[in-house]
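# Descriptive structure summary
If you want the building blocks of each chain, they are given just below.
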Amino acid sequence: MTDMRPILVLLVLLFAFSCAKNSDSESADKEDRVFPDNAVKGVFSVSDTTEVCFAKGNVRFNARFNSWEYSEHQYDYIGVQNEHISVCNGNWIDLFGWGTGSKPWICSCENTDYKDFYDWGQHFGDFGEWQTLSNDEWNYVLFGRQTASGVLFAKASVNDTNGLMLFPDDWEKTLYAVDNQNDITSSYSSNKITSPIWDSVFQSHGVVFLPAAGSRNGKYVSMYKTKGFYWTSSGNKETEAFALSFSGSSVEMKPLDRFYGCSVRLSFFFNDSESRQR
């Protein structure tokens, strides 16, 4: 009878070599990936075939100087100063009506003034590089991804700022013991993270943080520190659009009146950006 043990050993070695090669290939792919300036260096799947990275902070605009920028830190937001919104305002604002990339100073409470979507991303980099995620893409980031760690999001207080952490596809659980992972009902106090720990453990490994920056209704700003609202590019009916909404007890995608001022966090598409132009 033929001794099959040498053949089995060979098959096991070939399988192990194949796995190691695939792992090395995936690591090399990430190392070779070119991240744009002002990006958090974490890769997030937004569909089965498309990956993005996120901007380093929320979008800001200064009307007097017609100037756009990202916030300096991921946990920065402007808050009540958004009440000064106007066409000649010399202060920075970061709460925008839906699709107002072409007219960010508008604060009308009429949904008909927000009929067309003009992406804020067109002011950053070349046309189409930076874009606002759709409702389906945000849903996939929060609830649809299959990752090795299984950690998709968690509530936190980062540098004493409440908000929502998003973990990249390759996050490793051994980096930090994150509490209440993927728990939509948990509170911000679940994870209290200082600025040094955030920089060295989280941001350096591609974690995104969305601050609870509140919302604006006309020129009245409320709910900052307690709730966050982030626009998608997806309209709903003629008067609404979808937004990522979170608080100390919820995380959901929900339709809002288009006139509400909400935060914007842009994404850079590593592939398929041209087919997404709107």
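Summarised in this report is the structure supplied together with it. Just so you know, the residues in each chain are numbered from 1, in the order the chain's sequence is written. Confidence filtering applies because this is a predicted model: local features only for residues at pLDDT of at least 70, side-chain atom pairs given and counted only at 80 or more, and all residues used for totals across whole chains, interfaces and linings. Side-chain descriptors were evaluated using all non-hydrogen atoms of the structure, hydrogens and water having been removed beforehand.

What follows concerns the overall build of the protein. Runs of E in the DSSP output that reach at least two residues are strands. Runs of H or I that reach at least four are helices, and both are numbered from the N terminus. Helices and strands together make up the secondary structure of the protein, namely three helices and 16 strands. Taking all 278 residues of the protein together, 49% fall into the buried category. In the protein, the proportion of contacts linking residues at least 24 apart, taken out of those at least 6 apart, comes to 63%. Reported accessibility uses the Shrake-Rupley method at a 1.4 Å probe radius. Residues are deemed covered only where the shown protein chains occlude them. Counting only carbon and sulfur atoms, one obtains 50% of the accessible surface of the protein, whose full area is about 13,500 Å². Accessible area is worked out with a 1.4 Å probe on protein chains only. A residue is then buried under 20% of its type maximum, exposed over 50%, and partly exposed in between. Residues are treated as being in contact if the distance between any of their heavy atoms lies within 4.5 Å.

Here we come to the sheet that holds strand β5 (residues 92-93). The pairing criterion for strands is at least two bridges between them, as found by DSSP. Taken in spatial order, the three strands make up an open sheet running β4-β3-β5, and their pairing is antiparallel. The sheet is open, and its two edges are formed by β4 (67-70) and β5, each paired on a single side.

Looking now at unusual backbone geometry. Backbone geometry places Asp160, a non-glycine residue, at a positive phi of 65 degrees. Positionally, Asp160 belongs in the loop between β7 (153-158) and β8 (161-166). Within the chain, Lys237 stands out as a residue other than glycine whose phi angle is a positive 60 degrees. Inspection of the secondary structure assignment puts Lys237 in the loop between β13 (228-236) and β14 (240-247). Residue classification places Lys237 among the exposed residues on the basis of a relative accessible area of 67%.

With respect to the helices and strands, Arg216 occurs in strand β11 (residues 215-217). Of the buried charged residues, Arg216 lacks a salt bridge, with Asp94 as the closest side chain of opposite charge at 8.1 Å. N or O atoms closer than or at 3.5 Å make up a polar contact, with two conditions inside protein: a donor-capable atom paired with an acceptor-capable one, and, for residues adjacent in sequence, both atoms drawn from side chains. Looking at Arg216, its side chain comes within polar contact range of the main-chain oxygen of Gly218, at 2.8 Å. Think of it this way: Lys and Arg go in the positive column, Asp and Glu in the negative one, and His and the chain ends go nowhere. The term salt bridge refers to a side-chain nitrogen of Lys or Arg lying within 4 Å of a carboxyl oxygen of Asp or Glu.

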